[in-house]
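Chains, contacts and geometry: an overview
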Number of protein chains: 2
Amino acid sequence: MRIADLSRESGVPIPTIKYYLREGLLPAGEATAPNQADYSAQHVRRLRLIRALADIGRLPLRDVRRVLDAVDDERLTTHEMRGIAHYTLGRVPEESATDPAMVAALAEVDTLVTELGWRVLPEAPARRSLAHALVTLRRLGRDADVRVFTRYARVADQLAAWEISRTATRPTRAEAVEAVVAGLVVFEPALVALRRLAQEHHSARLETPAAKRRPRGRRAVRR
Amino acid sequence: MRIADLSRESGVPIPTIKYYLREGLLPAGEATAPNQADYSAQHVRRLRLIRALADIGRLPLRDVRRVLDAVDDERLTTHEMRGIAHYTLGRVPEESATDPAMVAALAEVDTLVTELGWRVLPEAPARRSLAHALVTLRRLGRDADVRVFTRYARVADQLAAWEISRTATRPTRAEAVEAVVAGLVVFEPALVALRRLAQEHHSARLETPAAKRRPRGRRAVRR
């Protein structure tokens, strides 16, 4: 197809496509005439992945390139490639690494991860996110141990086992990376939103005045 | 105690305490002399709650006041009070309410919530968050039904039932609100971080090259 068809098919404007071509994010089409090239379904798929990473994953182009390089590097296993996408998309701001509360919390997170038997690289950004949550809990005045998160870890473990087994069957490398994008920008906020909705429901269930729950019964003594 | 002691005890600077007094967020102490007042443990607790909402929950003072008013209004049940804190802390930016994709997604979320049997107010901000996740999933090119979230909803349901039963025993209204703050600013990011760590672990488990898993066995044929 010509560049105009590629634009229509992918929904990406022609000037943007030309920019991606110049930057080397999108491979050149097959030259069919001095000023014309032919593009394939491969190009449509690559554009879709670039848009997922850049527009929806909000990655700067430098990071889009890093993920695309991982997709193209066939020496990397799907796990390694998924790891690069995951860490690039999930990067968290550096905390002041010298803050003693943060240093202590990070060591506790390492202990928890070891106790759980999880194989996670030392540089995983989510370790820092979890340590930060622990520091915040202590700032709230709670004298909390990292094991306050154990129940959440078990829930996360079961959920992730199911998610990974499901996405592991994605046929192409690009689709595996798109699943990482969806996991972070769709299913993560969805889980958070659903937990909030479920909390409201269970709070209501627990505390509905007895009078409302049993309209014909006597009024409960408790307010 | 005097204002200097109150400041030391709570960690809040005296000028900030005076500001909260002027704004009516903190009730006046008991006057003991023309220019002196006596503060109690009640004041320390209230300051702690204000800090939790303002510093850790990042609420503007107007919203802090709204939550404190709910804490003080004894006609509200704990559930109602918790709801005000939850909605105020969990507010999400208004999406363009006229975007047809968003309008459709919101209707689907309503259907899901009804199917789950959850009692959740129509104005719950998390409904919009979930609808937004669905719209994003479709922008990623997935032809997804809202039921793609059902498994997450079940996980959230079980987790929330446990969380609410645990925090329902908080003895005071202020502590119930502090638990809402912790739920949103600590346990929510913690759950997200743990899911990311667990995903890395399960991805590694699934795809470790056979040669590494069985160091003494023969190399697997698959890469």
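Residues numbered from 1 in each chain as written. Chains lettered and ligands numbered in written order. Predicted model: local features only at pLDDT ≥ 70, side-chain atom pairs only at ≥ 80, totals over all residues. Heavy atoms only, no water.

Another aspect to go through is the overall build of chain A. The secondary structure content of chain A amounts to ten helices and two strands. Ordered by position from the N terminus, the helices and strands of chain A form the series α-α-β-β-α-α-α-α-α-α-α-α. Here the C-alpha radius of gyration of chain A, 24 Å, is well above what a compact globule of 223 residues would show, namely 17 Å. Along the longest, intermediate and shortest principal axes, the C-alpha atoms of chain A span 85 × 55 × 30 Å. Residue burial in chain A is summarised as follows: out of 223 residues, 48% are buried. In chain A, the proportion of contacts linking residues at least 24 apart, taken out of those at least 6 apart, comes to 56%. Element-wise, carbon and sulfur atoms account for 51% of the exposed surface of chain A, whose accessible area totals about 11900 Å². For chain A, the distance from the average site of its 38 positive side-chain charges to the average site of its 28 negative ones is 11 Å. (Helix = DSSP H or I, 4+ residues; strand = E, 2+ residues; numbered from the N terminus. Rg over C-alpha atoms; globule rule 2.2 N^0.38 Å. Buried < 20%, exposed > 50% of the residue type's maximum accessible area, 1.4 Å probe, protein only. Contact = heavy atoms within 4.5 Å. Areas by Shrake-Rupley, 256 points an atom, 1.4 Å probe, with all protein chains shown as cover. Lys, Arg positive; Asp, Glu negative; His and termini not counted. Charge placed at Lys NZ, Arg CZ, Asp CG, Glu CD.)

Attention now moves to the relation of the copies chain B and chain A. Under the fitted operation, chain B is carried onto chain A by 0.0 Å of movement along the axis and a turn of 180°, and the coordinates agree to an RMSD of 0.0 Å. In short, the pair behaves as if placed about a two-fold rotation axis. Ranked by how close their C-alpha atoms come to the rotation axis, the residues of chain B are headed by Val155(B), at 3.6 Å. Both copies share a contact surface, since 99% of the interface residues of chain B are interface residues in chain A too. (Least-squares fit on C-alpha atoms with pLDDT ≥ 70 in both.)

Residues and elements named next belong to chain B. Both strand E1 (residues 30-33) and strand E2 (residues 36-38) contribute to a ladder of three bridges, which runs antiparallel. By the bridge assignment for E2, Glu 30 is matched with Asp 38. Where E1 hands over to E2, the hairpin turn is made up of two residues, counted between the paired strands. (Pairing = 2+ DSSP bridges.)

Relative to the assigned elements, Thr88(B) resides in helix H5 (residues 78-89). With near-sequence residues (within four places) excluded, Thr88(B) lies in contact with Leu59(B), Asp63(B), Arg66(B) and Val67(B).

What follows is about the interface of chain B and chain A. The partner chain A presents 79 residues to the 80 residues of chain B that form the contact. Across the interface of chain B and chain A, roughly 7900 Å² is buried in total on both sides, 65% from carbon and sulfur atoms. If you look at where chain B meets chain A, you find six salt bridges. We note a salt bridge from Arg195(A) to Glu163(B), for which the minimum N-O separation is 3.0 Å. Between the two partners, chain B and chain A, sit 30 residue pairs in polar contact (both at pLDDT 80 or more). If you list the elements that add at least two residues to the side of chain B that touches chain A, you get helix H3 (41-56), H5, helix H6 (100-116), helix H7 (125-139), helix H8 (150-167) and helix H9 (173-207) of chain B. (Buried area = accessible area lost by both parts, 1.4 Å probe. Salt bridge = Lys/Arg side-chain N within 4 Å of Asp/Glu carboxyl O. Polar contact = N/O pair within 3.5 Å; in protein donor to acceptor, adjacent residues only side chain to side chain.)

Using the criterion set out here, one finds eight aromatic pairs over all chains in the structure. Ring plane angle 25° and centroid distance 5.2 Å describe the contact between Phe187(A) and Tyr152(B), whose orientation is recorded as stacked. With one member in each of two chains, Phe187(A) in helix H9 (residues 173-207) and Tyr152(B) in helix H8 form a pair that bridges those chains. The burial state of Phe187(A) is the same as that of Tyr152(B); both residues are buried. Taking 6.2 Å as the distance between ring centres and 45° as the angle between the ring planes, the aromatic pair formed by Tyr19(B) and Tyr20(B) counts as tilted. Using a relative accessible area of 33% as the deciding quantity, one classes Tyr19(B) as partly exposed. Look at Tyr20(B) and you get buried, because its relative accessible area is 7%. It is Arg166(A) that lies over the ring of Trp162(A); its NZ or CZ is 4.6 Å from the centre. (Phe/Tyr/Trp six-rings, centres within 6.5 Å; stacked < 30°, edge-to-face > 60°. Lys NZ or Arg CZ within 6 Å of the ring centre and 35° of its normal.)

Let us now look at the environment of Glu115(A). Within the secondary structure, Glu115(A) is located in helix H6 (residues 100-116). Along the primary structure Glu115(A) and Thr150(A) are separated by 35 residues, whereas in three dimensions their C-alpha atoms are 9.9 Å apart.

Further remarks concern the packing of helix H8 (residues 150-167) of chain A against H8(B). At a closest axis distance of 11 Å, the pairing of H8(A) and H8(B) adopts a crossing angle of 180°. With respect to H8(B), the axis of H8(A) lies roughly antiparallel. Together, Arg151(A), Tyr152(A), Val155(A), Leu159(A), Trp162(A), Glu163(A) and Arg166(A) of H8(A) and Arg151(B), Tyr152(B), Val155(B), Leu159(B), Trp162(B), Glu163(B) and Arg166(B) of H8(B) make up the contact between the two elements. When its residues are assigned to classes, the contact of H8(A) with H8(B) shows eight nonpolar, no polar and six charged. (Axes fitted to C-alpha atoms, helices over the stretch in contact; angles between N-to-C directions. Parallel < 35°, antiparallel > 145°, perpendicular 65-115°, else oblique. Nonpolar A, V, L, I, M, F, W, Y, C, P; charged D, E, K, R; others polar.)

Our next topic: H8(B). Look at H8(B): 25 Å from first C-alpha to last across 18 residues, which is about the 26 Å you get at 1.5 Å a residue. When H8(B) is considered as a whole, its buried residues turn out to be Thr150(B), Tyr152(B), Ala153(B), Val155(B), Ala156(B), Leu159(B), Ala160(B), Glu163(B), Ile164(B) and Thr167(B). (Expected span 1.5 Å × (residues − 1).)

Evaluation of the coordinates by the stated rule reveals 32 salt bridges over all chains. For Glu178(B), the salt bridge goes to Arg48(B), with nearest N and O atoms at 2.8 Å. Here the residue Glu178(B) occupies a position in helix H9, and Arg48(B) occupies one in helix H3, the gap between them amounting to 130 residues. Among the charged side chains, a salt-bridge network with shared partners connects Arg62(A), Asp63(A), Arg66(A) and Arg91(A).

Bringing the packing of H6(B) against H7(B) into the picture now. Residue and element names in this part refer to chain B. One way to put it is that H6 packs onto H7 with a least axis distance of 8 Å and a crossing angle of 120°. Considering their axes alone, H6 and H7 lie oblique with respect to each other. The handedness of the crossing between H6 and H7 is right-handed. Residues Ala 101, Met 102, Ala 105, Leu 106, Glu 108, Val 109, Asp 110, Leu 112 and Val 113 of H6 form the contact with H7, whose own contacting residues are Arg 127, Arg 128, Leu 130, Ala 131, His 132, Leu 134, Val 135 and Arg 138. Tallied by class, residues from the contact of H6 with H7 come to eleven nonpolar, one polar and five charged. (Left-handed = near helix turned anticlockwise from the far one by under 90°.)

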